[in-house]
Amino acid sequence: MVDIEGEERIDFLNNYTSLILGHADPQVTRAVQQRMELGSAFTMPTELEVELAELLVSRVPYIDQLRFCNSGSEAVLLAVKAARAFTGKPGIAKFEGAYHGIYDYVQVSEAPTPDNWGDPDAPASVVEAGSPPSVARDVVVLPWNNFEACRQLIQRHKNELAAVIADPLPSAIGMIPPRPGFLESLREETEGQGVLLISDEVMSFRLSYYGAMYDYGIRPDLTALAKIIGGGFPVGAVAGAARVMSVFDHTGDLKVRHGGTFNGNPVTMTAGLETMRQMTPQAYDRLNRMGDYIRDRLARMLVDRRVPARVCGKGSLLTVHLTDQELIDFRSLRGFSRRKPIYGDLCHEMLAQGIVTTPRGVFGCLSTPMTEAELNAFVEALARALTALGCTA
Ligand SMILES: Cc1ncc(COP(=O)(O)O)c(C=O)c1O
């Protein structure tokens, strides 16, 4: 990226992970330009919408059907509504600290603090300013990686819970990985209690050709998609098993009305198709190997400089935490976000060193045009930034 002063930087944010092919991919750009000449938006569906839906359904074993919308927030909102309509129950459960977009119910306990977060085994439902306090009644907050506490909470609330929503690599919980067996147990428990499982793959869909839950052998009932599937244009999709998606069926027993002026618009669909076609299994493998490479190099650089740190992430996503404490859940991060001045300072220092990142930990997201040179540049910039801020031993 080149800023208004003409300074060049490498973008490790990629529009918050949506640009898996990086900026201005020539094939996407050409396809969109050609599409624009035929019109940008129609009231009727176009065949492009069907083609992108078919491509995604053919790749992800737990998606039978999907419906496009215009953002990840909408996709999550629609998944929650579908779960409520399908089960006839009002509540949802979400993990403390997790980000799922801007729908009131999933914003509960997005950023709780020690003075309001309550019992670690049964976290309080902390409602954001701007949401009605009544929202708290319909949201159960779960502790990440503590399956026994989750099991008890799900059993206690099973008669009110429509769904549990989980992101297999929750970025706002610092990309702390699920403990072995945690997600699998969560799937078993929800299934046993008549509670649906919603997989929020708005960001984590970039981890695998087959869907982010595929590695765990899990079949969520509903999945929220967005970001990379729009190829750089606004997009979202609610997806899932046909029996649950039937709540949207106009020809059957319609329960959830889903409209949207720009849903499935042909420009987004063109960019999404062109992007997803380029994302072959080989392209995912290469990107994921590059992720392993940079995480490994970062870990070694931090050990060499005796900086207490942990490197989290998977595939093409990473977050560095400046702590040597065990990272288990949101609380163990101890305010890893921009509330901790060091991450803001590091983000600014990284900008000065030619790297665009965010102050939520040290965040990195790879794109296919990157090579080892860009990954090395990130590691070296972080080393210099840590030295500049006096973080090294
Ligand atoms: C896991 C997750 N869910 C939902 C959203 C919301 O998506 P959007 O920004 O497209 O509304 C995001 C956005 O970053 C996300 O990371």
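Being a predicted model, the structure only gives us computed values, none of them experimental.

**Quick notes on the domain arrangement of the protein**
Part 1: Segmenting the protein into domains produces domain 1 (10–20 + 281–388) and domain 2 (26–278).
Part 2: Listed as interface residues are 33 residues of domain 1 and, on the opposing side, 36 residues of domain 2.
Part 3: Together domain 1 and domain 2 conceal approximately 2,800 Å² of surface at their shared face, both sides included; 60% is due to carbon and sulfur atoms.
Part 4: Considering only the side of domain 1, the residues that lose the most area to domain 2 are Y284, F330 and R331, jointly responsible for 29% of the buried surface there.
Part 5: Between the two partners, domain 1 and domain 2, sit two salt bridges.
Part 6: Two residues, R331 and E96, come together in a salt bridge whose shortest N-O distance is 2.8 Å.
Part 7: Joining domain 1 to domain 2, the criterion identifies 12 residue pairs in polar contact (both at pLDDT 80 or more).
Part 8: Secondary structure elements with two or more residues in the side of domain 1 that touches domain 2: α1 (14–17), α9 (281–304), β11 (310–314), β12 (317–321) and β14 (362–365).
Part 9: When residues of the side of domain 1 that touches domain 2 are assigned to their parent elements, the largest contribution, five residues, is made by α9.

**Points about the site of the ligand**
Part 1: What surrounds the ligand is the set S71, G72, S73, Y99, H100, G101, D167, D200, V202, M203 and K227.
Part 2: Contact between the ligand and G72: an oxygen atom at 2.7 Å from a main-chain N or O atom of the residue.
Part 3: Contact with the protein chains covers 83% of the free accessible surface of the ligand, which is 380 Å².

Reading guide: rules and limits
Residues numbered from 1 in each chain as written. Predicted model: local features only at pLDDT ≥ 70, side-chain atom pairs only at ≥ 80, totals over all residues. Heavy atoms only, no water. Domains from an automatic or database assignment. Contact = heavy atoms within 4.5 Å. Buried area = accessible area lost by both parts, 1.4 Å probe. Salt bridge = Lys/Arg side-chain N within 4 Å of Asp/Glu carboxyl O. Polar contact = N/O pair within 3.5 Å; in protein donor to acceptor, adjacent residues only side chain to side chain. Helix = DSSP H or I, 4+ residues; strand = E, 2+ residues; numbered from the N terminus. Near = heavy atom within 4 Å. Areas by Shrake-Rupley, 256 points an atom, 1.4 Å probe, with all protein chains shown as cover.

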